[in-house]
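Chain by chain, the residues run as shown.
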Amino acid sequence: MTLTACQGGTQSTPEGVIQRIFDSAKTKDLQQLSPLCAPQAETTANIICEISEAQPDQKEKFVDRFLTAQIRGSTEFSGYTATVKAVMRPNQKNSLEFELIQENGNWYLQRFQE
C-alpha cells in the first residue's frame, strides 16, 4: 500500500516522473522505474523503464548518463501531454526532452529524445 501511494505522489506531476528517473540513477535503485512508462510508450521510453532487466554494462551506462541530469526550464503542457526538458550535466547545453502523457490522474513517460 505504501508503494502505491509513493508512486502516486511521484506520478502526480510530470516533473516527479523525471526526477524519479534521475534519483534512480543516483541511488542505483532501477527497479522503481518499471511503472513509469505509459502502456503505449515508444521504445525510447521503454528502454528507461525496463533498464532494471538490462545487462550490467547497460545499467552502468544508464546510471552514468542520468547521474547528474537536472530538469531545466518550465514544463510545457498541451492537453493531457507534457514536455519536460533537462540537461545531462549542469554546465552542459546538451538537452534531453521527455514527453509524458496523463492517464487516470497520473503521468507516464511516453517518449525520450536527446
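The present account deals with the structure reproduced in this document. Being a predicted model, the structure only gives us computed values, none of them experimental.

About the cut-offs
Residues numbered from 1 in each chain as written. Predicted model: local features only at pLDDT ≥ 70, side-chain atom pairs only at ≥ 80, totals over all residues. Heavy atoms only, no water. Phe/Tyr/Trp six-rings, centres within 6.5 Å; stacked < 30°, edge-to-face > 60°. Helix = DSSP H or I, 4+ residues; strand = E, 2+ residues; numbered from the N terminus. Buried < 20%, exposed > 50% of the residue type's maximum accessible area, 1.4 Å probe, protein only. 1 Å grid on protein atoms, 1.4 Å probe; cavity = no way out; pocket = protein on both sides within 12 Å on 5 of 7 lines; lining within 4 Å. Points joined across faces, edges and corners; volume = space filled by probe spheres on them. Nonpolar A, V, L, I, M, F, W, Y, C, P; charged D, E, K, R; others polar. Polar contact = N/O pair within 3.5 Å; in protein donor to acceptor, adjacent residues only side chain to side chain. Contact = heavy atoms within 4.5 Å. Salt bridge = Lys/Arg side-chain N within 4 Å of Asp/Glu carboxyl O.

1. Notes on the packing of aromatic side chains
Then, number 1: Under the counting rule described, the total for this entry stands at seven aromatic pairs.
Then, number 2: Judged by centre distance (6.4 Å) and plane angle (45°), the ring pair of Phe 66 and Phe 98 falls under tilted. Pair noted here: Phe 66 is in helix α4 (residues 56-66) and Phe 98 is in strand β4 (residues 95-103), with a separation of 32 residues, a long-range link. Here Phe 66 and Phe 98 have matching classes, each one buried.
Then, number 3: Between Phe 98 and Phe 112 the ring centres are 4.9 Å apart and the planes differ by 35°, which places this aromatic pair in the tilted class. In this pair, Phe 98 sits in strand β4 while Phe 112 sits in strand β5 (residues 106-113), placing the two residues 14 residues apart along the sequence.

2. What about the layout of surface pockets?
Then, number 1: Here the largest pocket is characterised by a volume of approximately 200 Å³.
Then, number 2: If you go around the largest pocket, the residues you meet are Thr 44, Ile 47, Ile 48, Ile 51, Gln 58, Lys 61, Phe 62, Arg 65, Phe 66 and Phe 112.
Then, number 3: Listed by contribution, the elements that provide at least two residues to the lining of the largest pocket are α3 (43-49) and α4.
Then, number 4: It is α4 that provides the largest number of residues to the lining of the largest pocket, a total of five residues.
Then, number 5: For the lining of the largest pocket, a count of residues per class yields six nonpolar, two polar and two charged.

3. Notes on the side chain of Ser 24
Then, number 1: Mapped onto the secondary structure, Ser 24 falls in helix α2 (residues 14-27).
Then, number 2: Judged by its relative accessible area of 0%, Ser 24 falls in the buried class.
Then, number 3: In this structure the side chain of Ser 24 is engaged in a polar contact, spanning 3.1 Å, whose partner is the side chain of Gln 32.
Then, number 4: Setting aside chain neighbours within four positions, we find Ser 24 in contact with Asp 29, Leu 30, Gln 32 and Leu 33.

4. Brief notes about unusual backbone geometry
Then, number 1: A positive phi angle, near 60°, is found at Lys 28, a position not held by glycine.
Then, number 2: With respect to the element layout, Lys 28 can be found in the loop between α2 and α3.
Then, number 3: You can call Lys 28 exposed: its relative accessible area is 62%.

5. Side note on the pattern of salt bridges
Then, number 1: One pass over the full model with this rule turns up five salt bridges.
Then, number 2: A salt bridge links Arg 111 to Glu 42; the shortest N-O distance between them is 3.3 Å. Here the residue Arg 111 occupies a position in strand β5, and Glu 42 occupies one in the loop between α2 and α3, the gap between them amounting to 69 residues.
Then, number 3: With relative accessibility at 27%, the residue Arg 111 sits in the partly exposed group.
Then, number 4: Look at Glu 42 and you get partly exposed, because its relative accessible area is 37%.
Then, number 5: A salt bridge links Lys 85 to Glu 76; the shortest N-O distance between them is 3.8 Å.
Then, number 6: The class of Glu 76 is partly exposed, set by a relative accessible area of 46%.
Then, number 7: Linked by salt bridges that have partners in common, Glu 42, Glu 99 and Arg 111 make up one network.

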